[in-house]
Amino acid sequence: MASVRNKVNPLLIPYVLTWRRFGFRTICSGRIGFAPSTSPSFADADTPPVAGKKVLETFAEEFEIGSRKITLETGKIARFANGSVVLAMDETKVLSTVASSKGDAARDFLPLTVDYQEKQFAQGVIPTTYMRREGAPKERELLCGRLIDRPIRPLFPSGFYHEVQVMASVLSSDGKQDPDVMAANASSAALMLSDIPWGGPIGVIRIGRISGQFVVNPSMDELSISDLNLVYACTRDKTLMIDVQAREISEKDLEAALRLAHPEAVKYLDPQIRLAAKAGKQKKEYKLSMVTERTFEKIENLAKEPIEAVFTDPTYGKFERGEALEKITQDVKRALEEEGDEEGLKILPKTVDTVRKQVVRRRIISEGLRVDGRRLDEVRPLYCEAGNLPVLHGSALFSRGDTQVLCTVTLGAPGDAQRLDSLVGPSSKRFMLHYSFPPFCTNEVGKRAGLNRREVGHGTLAEKALLAVLPPEDDFPYTVRINSEVMASDGSTSMATVCGGSMALMDSGIPLREHVAGLSVGLVSEVDPSTGEIKDYRILTDILGLEDHLGDIDFKIAGTRNGITAIQLDIKPAGIPLDIVCECLDPALKGRLQILEHMERAISAPRIQDDRYSPRLVTLKYSNDALRRLIGPVGALKRKIEEETGARISVSDGTLTIVAKNQSVMEKVQEKVDFIIGREIEIGGIYKGIVTSVKEYGAFVEFNGGQQGLLHISELSHEPVSRVSDVVSVGKQLSLMCIGQDVRGNIKLSLKATLPRPTSKTDIAVDEPVAPASPEVNVWAAIEDVSNEQEKEVADAGPETSESTLKSATPAVLIRSAAECDEEEKSAGLNSKGYNGFKSASKSDQKTRMSSSFSESSFSSRNAKSKRGKDAILDLLSDDESEQKHTSEVGLHSKIGSDKNDATTETPMTANKLKLGMKVTAKVHQIRTLGLVLDLGGGIRGMYRFEPGAKRDFEVGDELRVKCSSFSTKGVPVLSLVKEE
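Quick caveat: nothing in here was measured; it's all calculated off a predicted structure. (Residues numbered from 1 in each chain as written. Predicted model: local features only at pLDDT ≥ 70, side-chain atom pairs only at ≥ 80, totals over all residues. Heavy atoms only, no water.)

Undergrad: Let's hear about the overall build of the protein: which residues, and what values?
TA: Within the protein, the regular secondary structure consists of 23 helices and 41 strands. Every one of the 981 residues in the protein was classed for burial, and the buried ones make up 48%. Summarising the internal contacts of the protein: among those between residues at least 6 apart in sequence, 70% fall at separations of at least 24. Taken as a whole, the protein presents about 48300 Å² of accessible surface, with 51% of it coming from carbon and sulfur. (Helix = DSSP H or I, 4+ residues; strand = E, 2+ residues; numbered from the N terminus. Buried < 20%, exposed > 50% of the residue type's maximum accessible area, 1.4 Å probe, protein only. Contact = heavy atoms within 4.5 Å. Areas by Shrake-Rupley, 256 points an atom, 1.4 Å probe, with all protein chains shown as cover.)

Undergrad: Explain unusual backbone geometry residue by residue, including any values.
TA: Cis geometry is adopted by the peptide bond preceding proline 201, which originates at glycine 200 and carries an omega value of 10°. Phi is positive for aspartate 90, close to 55°, though the residue is something other than glycine. Positionally, aspartate 90 belongs in the loop between strand 3 (83-89) and strand 4 (92-100). On the accessibility criterion, aspartate 90 (38% relative accessible area) is partly exposed. Although it is not a glycine, glutamate 248 adopts a positive phi angle of roughly 55°. For glutamate 248, the location among the structural elements is in strand 10 (residues 239-249).

Undergrad: Outline the packing of aromatic side chains, supporting the account with residue identities and numerical values.
TA: Summed over all chains, the structure comprises eight aromatic pairs. With centroids separated by 5.7 Å and ring planes inclined at 85°, the aromatic side chains of phenylalanine 63 and tyrosine 268 adopt a geometry described as edge-to-face. Taken as a pair, phenylalanine 63 in strand 1 (residues 59-65) and tyrosine 268 in the loop between helix 5 (251-266) and helix 6 (269-279) lie far apart in primary sequence, 205 residues in all. Residue classification places tyrosine 268 among the buried positions, given a relative accessible area of 2%. Relative to phenylalanine 160, the ring of phenylalanine 156 lies with its centre 5.9 Å away and its plane at 10°, an arrangement referred to as stacked. Exposure class is identical for phenylalanine 156 and phenylalanine 160. Each is buried. Through pairs of rings, three or more aromatic residues link up here, namely Phe156, Phe160 and Tyr286. Geometry around phenylalanine 319 places lysine 318 over its ring, the cationic atom sitting 5.8 Å from the centre. The ring of phenylalanine 437 carries arginine 454 above its face, with NZ or CZ at 4.3 Å from the centroid. (Phe/Tyr/Trp six-rings, centres within 6.5 Å; stacked < 30°, edge-to-face > 60°. Lys NZ or Arg CZ within 6 Å of the ring centre and 35° of its normal.)

Undergrad: Just give me the short version of the packing of helix 11 (residues 453-467) against helix 12 (residues 493-507), but keep the residues and values in it.
TA: Contact geometry for helix 11 and helix 12: axes closest at 9 Å, N-to-C directions at 45°. Between helix 11 and helix 12, the angle is such that the two are oblique. Of the two elements, helix 11 crosses helix 12, and the hand of that crossing is right-handed. Listed contacts from helix 12 to Arg454, His458, Leu461, Ala462, Ala465 and Leu466 of helix 11 are Thr493, Ser494, Met495, Thr497, Val498, Gly501, Ser502 and Leu505. (Axes fitted to C-alpha atoms, helices over the stretch in contact; angles between N-to-C directions. Parallel < 35°, antiparallel > 145°, perpendicular 65-115°, else oblique. Left-handed = near helix turned anticlockwise from the far one by under 90°.)

Undergrad: Break down the packing of helix 2 (residues 139-152) against helix 3 (residues 179-193) for me, citing the residues and quoting the values.
TA: Taken N-terminus to C-terminus, the directions of helix 2 and helix 3 make an angle of 40°; their axes are 10 Å apart at the nearest point. Here helix 2 lies oblique to helix 3, going by the angle between them. By crossing handedness, the relation of helix 2 to helix 3 is classed as right-handed. Facing helix 2, whose interface residues are Arg140, Cys144, Leu147, Ile148 and Ile152, helix 3 presents Pro179, Asp180, Ala183, Ala184, Ser187 and Leu191. When its residues are assigned to classes, the contact of helix 2 with helix 3 shows eight nonpolar, one polar and two charged. (Nonpolar A, V, L, I, M, F, W, Y, C, P; charged D, E, K, R; others polar.)

Undergrad: Tell me about the pattern of salt bridges, and please be specific about residues and values.
TA: Inspection of the entire model under this criterion finds 53 salt bridges. Its salt-bridge partner being aspartate 115, residue arginine 453 comes within 3.2 Å of it at the nearest N-O pair. A residue pair is termed long-range when its members are at least 10 positions apart, and arginine 453 in helix 11 and aspartate 115 in strand 5 (residues 112-117) qualify at 338 residues. Its relative accessible area of 32% is what places arginine 453 among the partly exposed residues. For aspartate 552, the salt bridge identified is with arginine 361, shortest N-O distance 3.0 Å. On the criterion of sequence distance, the pair formed by aspartate 552 in the loop between helix 13 (545-550) and strand 20 (553-559) and arginine 361 in helix 10 (residues 348-367) is long-range, its members being 191 residues apart. Both residues of the pair, aspartate 552 and arginine 361, belong to the buried class. Overlapping salt bridges, with partners in common, bring together Arg370, Asp372, Arg374, Arg380, Arg400, Asp542 and Glu547 in one network. (Salt bridge = Lys/Arg side-chain N within 4 Å of Asp/Glu carboxyl O.)

Undergrad: I'd love a proper account of the pairing of strand 41 (residues 973-977), names of residues and values included.
TA: The buried count for strand 41 comes to four of five residues, which makes it a mostly enclosed element. As defined by bridge partners, strand 39 (residues 940-945) adjoins strand 41 across two bridges and the pair is classed as parallel. Residue pairing across strands places methionine 943 opposite valine 974, the latter belonging to strand 41. Across five bridges, strand 40 (residues 959-967) lies against strand 41 in antiparallel orientation. Counted as the bridge partner of lysine 963 is serine 976 from strand 41. (Pairing = 2+ DSSP bridges.)

Undergrad: Would you mind going over the sheet that holds strand 29 (residues 733-741) in detail, with residue names and values included?
TA: Spatially, five strands are ordered 26-27-28-30-29 in a closed barrel, and the strand pairing comes out mixed. Taken pair by pair, the neighbouring strands of this sheet meet at an average axis angle of 55°, ignoring direction. Pairing between strand 26 (residues 686-694) and strand 27 (residues 698-703): five bridges, direction antiparallel. Pairing of serine 693 across the sheet is with phenylalanine 700, part of strand 27.

Undergrad: Which residues make up the sheet that holds strand 18 (residues 517-527), and what are the values?
TA: The strands making up a sheet associate through hydrogen bonds between their backbones, and the pairing can be parallel or antiparallel. Reading across from one edge, 8-7-9-10-21-20-18-19 is the order of the eight strands in this open sheet, with antiparallel pairing throughout. Pairing within the sheet leaves two strands with one partner each, and these edge strands are strand 8 (213-216) and strand 19 (534-541). Averaged over all neighbouring strand pairs, the angle between strand axes comes to 20°, with direction disregarded. Sheet topology places strand 7 (residues 203-210) next to strand 8; four bridges connect them, and they run antiparallel. Among the inter-strand pairings, glycine 208 is bridged to a residue of strand 8, identified as valine 215. Against the sheet, helix 2 engages strand 9 (228-234), strand 10 and strand 21 (564-571), with an angle of about 135° to strand 10.

None of the figures reported here should be taken as evidence of function without further support.
Written out as structure tokens, the structure reads:
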């Protein structure tokens, strides 16, 4: 029998006493049900037990708002919680639970905690953190928690000080709906189901506006193109919370949106009431901390008169009033101690504060006077200063009354944007506003901790207010961070942050469309005790911290002259009629315009920055291969540049973005980038390069990200140089100017062009203006890009096409006619060397079409007296053979260009008469492998290079009709055949 008992019940408890023996099942939704009796009987104990089927009794309500089907369900998940509800819209589901403590801890406030959490499993993603799990609450989670807390807190009964915790978790998200509003409605339904006393339900709705039309419950895609994001919470007849982000919406349009939102939000109420009727718990009788009338009257009689004397005297400041109130409290405490009133001592601080509240509110209602003596619609004195910290990118100091805020702006690279891991919305944001409220701003001692809900909420409100006036990202690609430090606090520091942040943005040179200002509006009302309705009220403009504490609402409104950009409304009583809320918009506008006038006096337009401190941003286009060279292995080269210069480099597909602290840093970074991957080569551009080899005729220099250029011996100095090695050596770094290219396509560099020119003893005056030569545009392409492909095309096209194609691929330059050369010689001689308008793409970069025109100079025509005859030609040809090896690396092709006007001469040739474009008759003096040495007469020798596909069977003594095409670097005429007509 013992063995059988062990099989049936391992705990040796008789089966007749087990829960299943009586057929009971688990409690669900506060109810007990019975499961079918399928358990084995005591007689057949040898049969192993079979687990019964658990039945979960669920309750649901379905309804539709704004063409969206919404479901409220309870009973299936989190059944032990005091109240739990799953709200579903499309495929997004949010679970909200409520629990309360059972103890009666002594406190004088409601310890309500609201936690909202978005875990990555809700979108099927593993967290990217090191531990692969969620960490501390993110900013969005704190903000959504505040969004739930603000409308539900006023509805708890007065004196209810039991700890309450509301937890909202996103179970699944399809990315179409923002779960924050869903979590707020689910929390309201969970409180309705619980036994906690609460004056709900509430409805929360989101309204957008697209092309002037309001949209109820907009999707995330619709919200991205909407100029309004309104979240509205209410009971059946009163407003509880408003949160707005807009693009300068007018007060009239905002009022229309609020009046549309109220009836839509009310649609959430009836489903919650029906669900609570089916599955809700009986409300418990919680102990409320109330003050007896006798104790209240005793403390009021002792404290009322001295409180009136202090809080009706406008000469008292914030701290003077606080010290006087503390003295009054101590005097009342001594009186109660003498009487031995223990009950009065326990509630003394709370009761004195209540007496102060009644005194201040009664004076505002009856006399229309405020604590500091201002009128109801009067704004405190203002102080505005922009650029008070000139070393920073932007700074501003803003004071309104005793409230003072210091705002600074820092600009960064696009890669500095904050990454967001939220379930919905963008993955990053480029504009951030961080608000700090240090303890010293209220003359207190405190500890600086991590993220604070209040600081995050105030910073986000100011961020939304300023976001509407920022330029588009395409026009202003910087990442922007505003840091707001509260220097002194006496009410509405978040709106002071808006004002200071707007001035700091303009001080940093950011082209804002308009200044943004904000202020807080308060309300003091008188309620009829019998009906609970407001019978009289006063609206206060620019409230103090004390008026915020003692008043009914804190209505923060920010905007420009054109409209509202952000709103946050917090209400302390259990709702305010919407008509009164809309009435607050007009005094807020009047006060905002006064503040904007003072801000515009301080700074009215984006400031032109000083090069010493202003940041610089450059966006460059490169091929991905070039960017890979810049990044280096595992990003080592990019990090090295950033560490050496302090700049930020961001790389995306084909785009390089550099952000530097100032212009000098930017130049250093660009110099390093140019050296690694190069940039466009421009005539007249200065480049830094390193000498790679030294020849008799010059030196080859590597510059511009691997490009090779020729520094000829004649371009080393303004003075004659006998040996190249006397000036440069291998490995030496030089700053050189690009002056063009030679006939073989080598990029020509000049050192002497970067050096100061020695003063000339004689000056040549030119009386007549010289007509500039007409430019001609050619398209230049890299030689390696056309050689193989063109040779293949030529082979397929036939002999005639081959000849013309190869001729077009031959390196050539645009040269002048003889008449133009004569004009040039008259004005400036034949020694000018400059090429304007020439651009070429780096070999390492993508192929780019460039224009080239030689408008003010031509190739120099050297005097042939230095070397004539066979020796000069042999030297030229040998130099040509040696330099031809470099042509494929540094050469640039162009189409053959020549002037239509040719100069012809039959007179005996002399060195002074030979001009570019001149046609002469020459004799073959010598036949070489690459061409002919021609005798032009008068002791002048010239060179003719064999052209591809042209005649090569010449004999010494043959007469040829030739034309002077150019001059070599050694002054030897380069000739071309004249085709006979």
